[in-house]
Amino acid sequence: MNLEESFEFVAGMNPAWKTARGVWRTPAIYNRDHCLRLLGKTKNVKRITKADLATMRAELLREGRANGGVNRIMSILNTCLKELCENEIIDKYPKLKQLDEGKGRQEYYTRQNISDMVRVAKEKYGNLELADAILLGVFTGCRQANLLGLEVRDVDFNNDTINFRETKNGDDHIVDIHPDLKAILLPRCENKEPYTRVFEFRNKDDLWYAFKKVRNEVGLDKRYVWHSLRHTCGSWLAEAEVPVQTIASILGHKTLEMSMRYTHINNKVRKTAINKL
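Focus: the overall build of the protein chain
Part 1 of the argument: Counting its regular elements, the protein chain contains 13 helices and 3 strands.
Part 2 of the argument: Across the 277 residues of the protein chain, 44% fall into the buried class.
Part 3 of the argument: Within the protein chain, contacts between residues separated by at least 24 positions form 63% of all contacts whose residues are at least 6 apart in sequence.

Listed below in structure tokens is the structure:
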């Protein structure tokens with residue numbers, strides 16, 4: 001069995017990879033495609049070695065991917081091989097230890113950072129698509145995969161809500177439309193078919209490479225990634241003294257502990273708090 005056939009076989013048993021209609025989900029297909037690109041679609045799964053995995057991981061790192069992103073790509077391959085082994089299609093499979101992801105992404109953007117990135121995207125690169133995507137990311141806290149999968153039918157202007165389908169938690173998640181997003185979303189949705197995607201980026205790489213150019217242009221380093229927009233949404237809400245329960249609801253977290261990672265107490269908020277004693 002080759003690698004492409006193996007992914008299809010395992011996907012048939014894994015609802016996290018494919019929908020009930022047999023359509024690959026966005027995060028899974030993105031990670032799968034990197035495996036197929038680097039190892040080859042016709043690679044015999046019985047001949048995948050630890051050296052193959054090490055070479056693949058080294059190439060992903062050479063391409064400038066963060067440790068966390070590399071781990072996600074390697075993880076889908078590991079899951080595939082593990083399932084093949086459990087189904088006695090292969091006798092054993094190679095493994096690599098995950099890369100250290102540190103303490104997680106703690107950077108968040110200032111309002112000036114966001115303003116600068118939007119301006120550069122529009123004025124220097126003529127990329128209105130990216131400018132709008134940045135604003136949607138920071139004003140909804142949506143993940144990259146959910147932005148890429150957003151369709152016209154998911155935007156409800158009557159109730160001013162956006163429905164992000166099949167989020168990381170496996171559930172649909174509805175958020176309110178920030179006033180600044182209406183002018184962005186209206187022309188993207190008007191007179192469009194319901195299943196038309198709101199944004200036209202081909203995949204995560206397409207979005208990431210455009211975003212990275214703008215980020216570098218405004219002088220931010222590689223610690224500032226797309227996911228930092230989500231972190232920023234939570235941080236700005238916390239700085240506005242929004243209760244953590246509400247932050248959890250907006251970001252779609254199932255526990256308050258998760259939301260605490262997206263909160264920062266700056267000097268202004270700390271002084272305001274102490275004055276309430």
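Having put the structure on the table, let's press on.
A few points about the state of the cysteines
Part 1 of the argument: In the structure shown here, the tally under the stated rule is 0 disulfides.
Part 2 of the argument: The thiol of C80 is not disulfide-bonded; the next cysteine sulfur, from C35, is found 8.3 Å away.
Part 3 of the argument: On the accessibility criterion, C80 (0% relative accessible area) is buried.
Part 4 of the argument: Just so you know, C142 is unpaired, no disulfide at all, and the nearest cysteine sulfur is the one on C233, 9.1 Å from it.

Considering the sheet that holds strand β2 (residues 161-164)
Part 1 of the argument: The antiparallel open sheet is built from 3 strands, whose spatial order is β1-β2-β3. At either margin of the open sheet sits one strand with a lone partner, and together these are β1 (155-156) and β3 (173-176).
Part 2 of the argument: Both β2 and β3 contribute to a ladder of 4 bridges, which runs antiparallel. Across the sheet, F164 pairs through a bridge with H173, a residue of β3.

So, helix α9 (residues 204-217)
Residue pairs three or four apart in sequence face the same way in an α-helix, which turns once every 3.6 residues.
Part 1 of the argument: Taking 1.5 Å of rise per residue, 14 residues should cover 20 Å, and α9 covers 20 Å from first to last C-alpha, within 8% of that figure.
Part 2 of the argument: When we look at burial in α9, the residues that qualify are K204, D205, L207, W208, A210, F211, V214 and R215.
Part 3 of the argument: Buried positions along α9 lie against α2 (26-39), α5 (111-123), α6 (128-140), α7 (144-149) and α10 (227-239).
Part 4 of the argument: The N-terminus of α9 is capped by N203, whose side-chain oxygen sits 3.1 Å from the backbone nitrogen of D205.
Part 5 of the argument: Looking one or two places after α9, you find G219, whose phi comes out positive at around 90 degrees.

A closer look at the packing of aromatic side chains
Part 1 of the argument: Within this structure, the stated rule accounts for 7 aromatic pairs.
Part 2 of the argument: Summarising the aromatic geometry, the rings of F7 and W17 are spaced 6.0 Å apart at their centres and angled 50 degrees between planes, so their arrangement reads as tilted. On the criterion of sequence distance, the pair formed by F7 in helix α1 (residues 3-11) and W17 in the loop between α1 and α2 is long-range, its members being 10 residues apart.
Part 3 of the argument: Using a relative accessible area of 7% as the deciding quantity, one classes W17 as buried.

Here's the deal with the pattern of salt bridges
Note on pairing: side chains with opposite charge can pair once their charged atoms come close.
Part 1 of the argument: Inspection of the entire model under this criterion finds 17 salt bridges.
Part 2 of the argument: The partner of R65 in a salt bridge is E63, and the shortest N-O contact between them spans 3.1 Å. Just as R65 is buried, E63 falls in that class too.
Part 3 of the argument: Salt bridges here are not isolated pairs; linked through shared partners, they connect E8, K18, R32 and D33.

Quick notes on unusual backbone geometry
Part 1 of the argument: Its identity as a non-glycine residue notwithstanding, D160 has a phi of 55 degrees, on the positive side.
Part 2 of the argument: Positionally, D160 belongs in the loop between β1 and β2.

With respect to the packing of α1 against helix α4 (residues 67-86)
Part 1 of the argument: At a minimum axis distance of 10 Å, the contact between α1 and α4 shows a crossing angle of 80 degrees. The angle between α1 and α4 falls in the class roughly perpendicular. Only I76, L77, C80, E83 and L84 of α4 make contact with α1, whose side of the interface consists of L3, S6, F7, F9 and V10.
Part 2 of the argument: Partitioned by chemical class, the residues of the contact of α1 with α4 number 8 nonpolar, 1 polar and 1 charged.

The rules behind the values
Residues numbered from 1 in each chain as written. Predicted model: local features only at pLDDT ≥ 70, side-chain atom pairs only at ≥ 80, totals over all residues. Heavy atoms only, no water. Helix = DSSP H or I, 4+ residues; strand = E, 2+ residues; numbered from the N terminus. Buried < 20%, exposed > 50% of the residue type's maximum accessible area, 1.4 Å probe, protein only. Contact = heavy atoms within 4.5 Å. Disulfide = S-S within 2.5 Å. Pairing = 2+ DSSP bridges. Expected span 1.5 Å × (residues − 1). Polar contact = N/O pair within 3.5 Å; in protein donor to acceptor, adjacent residues only side chain to side chain. Phe/Tyr/Trp six-rings, centres within 6.5 Å; stacked < 30°, edge-to-face > 60°. Salt bridge = Lys/Arg side-chain N within 4 Å of Asp/Glu carboxyl O. Axes fitted to C-alpha atoms, helices over the stretch in contact; angles between N-to-C directions. Parallel < 35°, antiparallel > 145°, perpendicular 65-115°, else oblique. Nonpolar A, V, L, I, M, F, W, Y, C, P; charged D, E, K, R; others polar.

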